[in-house]
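Residue-level listing of the chains:
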Amino acid sequence: MEQYNDNVYLIDLGEINTAPEIIFELSSILDKEEAKNKRICLKLGNVDLNQAQILSIKSLISGIDSILSSIDTKSIETEKVALSLGIIVSNISAENSLEVAPTMPYKTADELKEEILSQEQKQSDIEEDYNIVEEVEESGENNSEHKPEIDEKTVKEEIKESEQNPQLEQQKEDFDKQNNEEIKTEDKEEVFDELDVIFGSSPAKNTFFDMESEQNKYEEKEELSDIIVPEQEYTKEDIELESFPTKYIKQTIRSGQVINYEGNIVIIGDCHPGCEITAFGDITVWGILSGIAHAGAGGNQKARVRALKMNAIQLRIANCYSRRPDSLNTVYIEKTNSFTPEEARIINGEIVVFKIND
Amino acid sequence: MAGRVIVITSGKGGVGKTTTSANIGTALAKNGHKVVLVDTDIGLRNLDLLLGLENRIVYTLVDVVEERCKLKQALVKDKKNPNLCLLAAAQTRDKSSVSAEQLKKITEKLKKDYDYILIDCPAGIEQGFQTAIAGASEAIVVTTPEMSAVRDADRIIGLLEAADGIESYKLLINRVRPNMIKSNDMMSVDDVVNILSCQPIGVIPEDTGIITSTNRGEPIVNNEKSLAGKAYINVARRINGEDVPFLDIDEPKNLVGKLKKFLCGLKKQGKE
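Residues numbered from 1 in each chain as written. Chains lettered and ligands numbered in written order. Predicted model: local features only at pLDDT ≥ 70, side-chain atom pairs only at ≥ 80, totals over all residues.

**Looking at the overall build of chain B**
Alright, step 1. A count of helices and strands for chain B gives twelve helices and eight strands.
Alright, step 2. When the 272 residues of chain B are sorted by exposure, 47% land in the buried category.
Alright, step 3. Residue pairs at least 24 apart in sequence account for 75% of intrachain contacts in chain B once pairs closer than 6 positions are excluded. (Helix = DSSP H or I, 4+ residues; strand = E, 2+ residues; numbered from the N terminus. Buried ≥ 20, exposed ≤ 12 C-beta atoms within 10 Å, placed from the backbone. Contact = placed C-beta atoms within 7 Å.)

Set out below in structure tokens:
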């Protein structure tokens, strides 16, 4: 607990893990005189709070003439609910400490995969008792071990296997849904990645993906025609993203130039280091992206950043910040006719850069 | 703790203000002092690039001034040395975004937590310069042994003497080429000191390694072998109050050069 400004009052409940305890602890803190008439920043740990619980916290705070100005949470569930209630979700802890805010360099798909693999190994060491979990993990590991040789057919078989297994189907219904949706939209290597995520991570996270392109969808559908593809479910956010207006800019964005737009931005040209592009929706750069790009500035976690060549100093999506890995510190990017388009999006709360085509 | 606020200025552009700031800051931090570097060159920031911290900047000096963030949040810690922090300038704004009073307030706050606050001044004598020197009590005037740079340095020293708050100023002569001085193509260090009648705090030899270090984002003081790096470390020690003799910059490094020097010495003796 720490008071660091005349107006802002930080309440740290990061250690507490249940909702009733949070409310109890909070009400005792709010009894203090110094918490009155303040803008309160609430720091929570990994606790999933529902709408009613957050609303009751909000009313507790407004009861002492203070305002709940922002919530800092590790739980994605809480974050979503808070955002839907119009509360700013910030990462106070990271910013308030002397540590630099974007401490995490952005990852490539391969790095994410490696990390997931190592996590899997750790998990399998710990959770040997759970047979089902082990089975799932094994299939995930096998899958990734043979990754380089595997072609689409093997993946298909594996997915079929997993579908035929009734236990698994019961256990992981959500996953299958996700599977199909993802397979439909992602290309080969990404399928592996996503499978790893599905098989490896224990808590199910609802990550839906937009449709990439009509052509892509068509191809993937053909390959995986055996699988029953559920109807594409659009979330509210997806529809919002698509209904955003789009701004086209046909020029090179140079150092010091700022572009802000409450919609999607498409830039035909390069974005030099030192420029800043902020969009509520997606950012697409038909050129080399070397500046700072902030997609989904309004808090939209599903916004993406695409570029023919991704060399951004910083990538920001919604409230996720990442910086360019120090190893990528190149003086300049050679302009060639063959680029590998890349796309950045949030996976499990981290910004990951995917190559669109290999 | 009451830190010292030192502004690094020159008047003329391109003489090495930013390089000097980055290297002296790093050298001081290496010696265990808590250092914060403040870039006041708003709109044309480079200090972050020299330190290799470009990709870590989220909040800038302008954000602090406009109260979009806390001062602590805007301080970017160095990759290697936890004693060194950078307060970066905004790239997307101009010099008018920060006033002299606002910068003074910030340096007052920083004084409490840091031993040294080094302010990297923009080129010129306009508002940006006036803002940068506002919070400082000491100044380092960087110049090169060229007439244009020396004239500008003279102008700057005049302005510093007239400014309130600047208690002392020292001269730093950058990009000195001993060989050119020998052949009378360049003003010597003594010439510069005599023209400006100001005590030097350091003489930095020209070093091609500076270009590489700038491109890599790695201050040259981290390179043990570099002569310029050594000279900067000595400057840092002198700032700290130590009595360090000036580096013999015209000592050639390679064996052939040493032999040549030795033979030249013999020749001179013979003539006498």
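From this point, the discussion proceeds with the structure in view.
**Let's talk about the overall build of chain A**
Alright, step 1. Tallying secondary structure elements over chain A gives twelve helices and 17 strands in all.
Alright, step 2. Here chain A holds 358 residues, and 33% of them are scored as buried.
Alright, step 3. For chain A, the share of sequence-separated contacts (at least 6 apart) that also reach a separation of at least 24 residues comes to 50%.

**Observations regarding the sheet that holds strand S9 (residues 264-268) of chain A**
Residue and element names in this part refer to chain A.
Alright, step 1. Spatially, S6-S17-S16-S13-S11-S9-S7 is the arrangement adopted by the seven strands of the open sheet, whose pairing is mixed. Sheet topology places strand S6 (107-108) and strand S7 (246-249) at the edges, where each strand pairs with a single neighbour.
Alright, step 2. Taken together, the four bridges between S9 and strand S11 (residues 283-289) define a ladder with parallel strand orientation. For Val266, the partnering residue across the bridge sits in S11 and is Thr284. (Pairing = 2+ DSSP bridges.)

**Some thoughts on the sheet that holds strand S12 (residues 292-295) of chain A**
Across a sheet, strands are paired by hydrogen bonds formed along the backbone, either parallel or antiparallel in direction.
Residues and elements named next belong to chain A.
Alright, step 1. Spatial ordering of the open sheet is given by S8-S10-S12-S14-S15, a layout of five strands whose pairing is mixed. Each of the sheet's edge strands pairs with one partner strand only, and the pair in question is strand S8 (258-261) and strand S15 (320-323). The average undirected angle you get between the axes of adjacent strands in this sheet is 5°.
Alright, step 2. Summarising the sheet, strand S14 (residues 314-317) and S15 pair through four bridges and their orientation is antiparallel. What sits directly across from Ile317, in S15, is Cys320. (Axes fitted to C-alpha atoms, helices over the stretch in contact; angles between N-to-C directions.)

**A closer look at the packing of helix H7 (residues 147-162) of chain B against helix H9 (residues 189-196) of chain B**
Residues and elements named next belong to chain B.
Alright, step 1. Two numbers describe how H7 lies on H9: the axes approach to 10 Å, and their chain directions differ by 35°. The hand of the H7/H9 crossing is right-handed. Contacts between H7 and H9 pair Val150, Ala153, Asp154 and Ile157 from the former with Val192, Ile195 and Leu196 from the latter. (Left-handed = near helix turned anticlockwise from the far one by under 90°.)

**Focus on unusual backbone geometry**
Alright, step 1. One non-glycine residue, Ala318 of chain A, adopts positive backbone phi at about 50°.
Alright, step 2. Among the secondary structure elements, Ala318 of chain A is positioned in the loop between S14 and S15.
Alright, step 3. Judged by local crowding, Ala318 of chain A falls into the buried class, with 20 C-beta atoms found within 10 Å.
Alright, step 4. Of note in this structure, Glu67 of chain B is not a glycine but carries a positive phi near 60°.
Alright, step 5. With respect to the helices, strands and loops of the structure, Glu67 of chain B is situated in the loop between helix H3 (61-65) and helix H4 (71-74).
Alright, step 6. Classification of Glu67 of chain B as exposed rests on a count of 9 C-beta atoms within 10 Å.

**Remarks on the pairing of strand S4 (residues 84-87) of chain B**
All names here are of chain B.
Alright, step 1. A two-sided burial pattern is seen for S4, the buried positions comprising Leu84 and Leu86 on one face and Cys85 and Leu87 on the other.
Alright, step 2. Pairing of strand S2 (residues 35-39) with S4, which is carried by four bridges, proceeds in the parallel orientation. If you follow Val35 over to S4, its bridge partner there is Leu84.
Alright, step 3. With three bridges joining them, strand S3 (residues 75-77) and S4 adopt antiparallel strand pairing.

**As for the nonpolar core**
Residue and element names in this part refer to chain B.
Alright, step 1. Ranked by internal contacts, the top residues of the largest apolar core, which has 117 residues, are Leu61 and Tyr232.
Alright, step 2. For this core, the leading source of residues is helix H11 (residues 227-239), giving seven residues.
Alright, step 3. Contacts of Tyr232, omitting those with residues within four sequence positions, involve Asn23, Ile24, Ala27, Ile204, Ile220 and Val221. (Core = buried A, V, L, I, M, F, W, Y, C linked by C-beta atoms within 7 Å.)

**Comments concerning H7 of chain B**
An α-helical segment advances 3.6 residues per turn. Residues three or four places apart therefore align on the same side.
Alright, step 1. The terminal C-alpha atoms of H7 of chain B lie 23 Å apart, and with 16 residues this matches the ideal 22 Å at 1.5 Å per residue to within 8%.
Alright, step 2. The elements touched by buried residues of H7 of chain B are strand S1 (4-9), helix H6 (127-134), strand S6 (138-143), strand S7 (168-176) and H9 of chain B. (Expected span 1.5 Å × (residues − 1).)

**Concerning the packing of helix H1 (residues 17-30) of chain B against H11 of chain B**
All names here are of chain B.
Alright, step 1. Running from N to C, H1 and H11 point in directions that differ by 65°, and their axes come no closer than 8 Å. Overall, the two elements H1 and H11 adopt an arrangement that is roughly perpendicular. Considering the relative orientation of H1 and H11, their crossing is right-handed. Two secondary-structure elements touch here, H1 through Asn23, Ile24, Ala27 and Leu28 and H11 through Tyr232, Ile233, Val235, Ala236 and Ile239.
Alright, step 2. A breakdown of the residues in the contact of H1 with H11 according to their chemical character gives eight nonpolar, one polar and no charged. (Parallel < 35°, antiparallel > 145°, perpendicular 65-115°, else oblique. Nonpolar A, V, L, I, M, F, W, Y, C, P; charged D, E, K, R; others polar.)

**Examining the pairing of strand S5 (residues 116-120) of chain B**
Taken residue by residue, a regular strand's side chains alternate between the two faces of the sheet.
Residues and elements named next belong to chain B.
Alright, step 1. The buried fraction of S5 amounts to five of the five residues, a majority that puts the element mostly inside the structure.
Alright, step 2. Of the two faces of S5, the one lined by Tyr116, Leu118 and Asp120 and the one lined by Ile117 and Ile119 are each fully buried.
Alright, step 3. Taken together, the five bridges between S1 and S5 define a ladder with parallel strand orientation. Considered in S5, the bridge of Val5 is made with Ile117.

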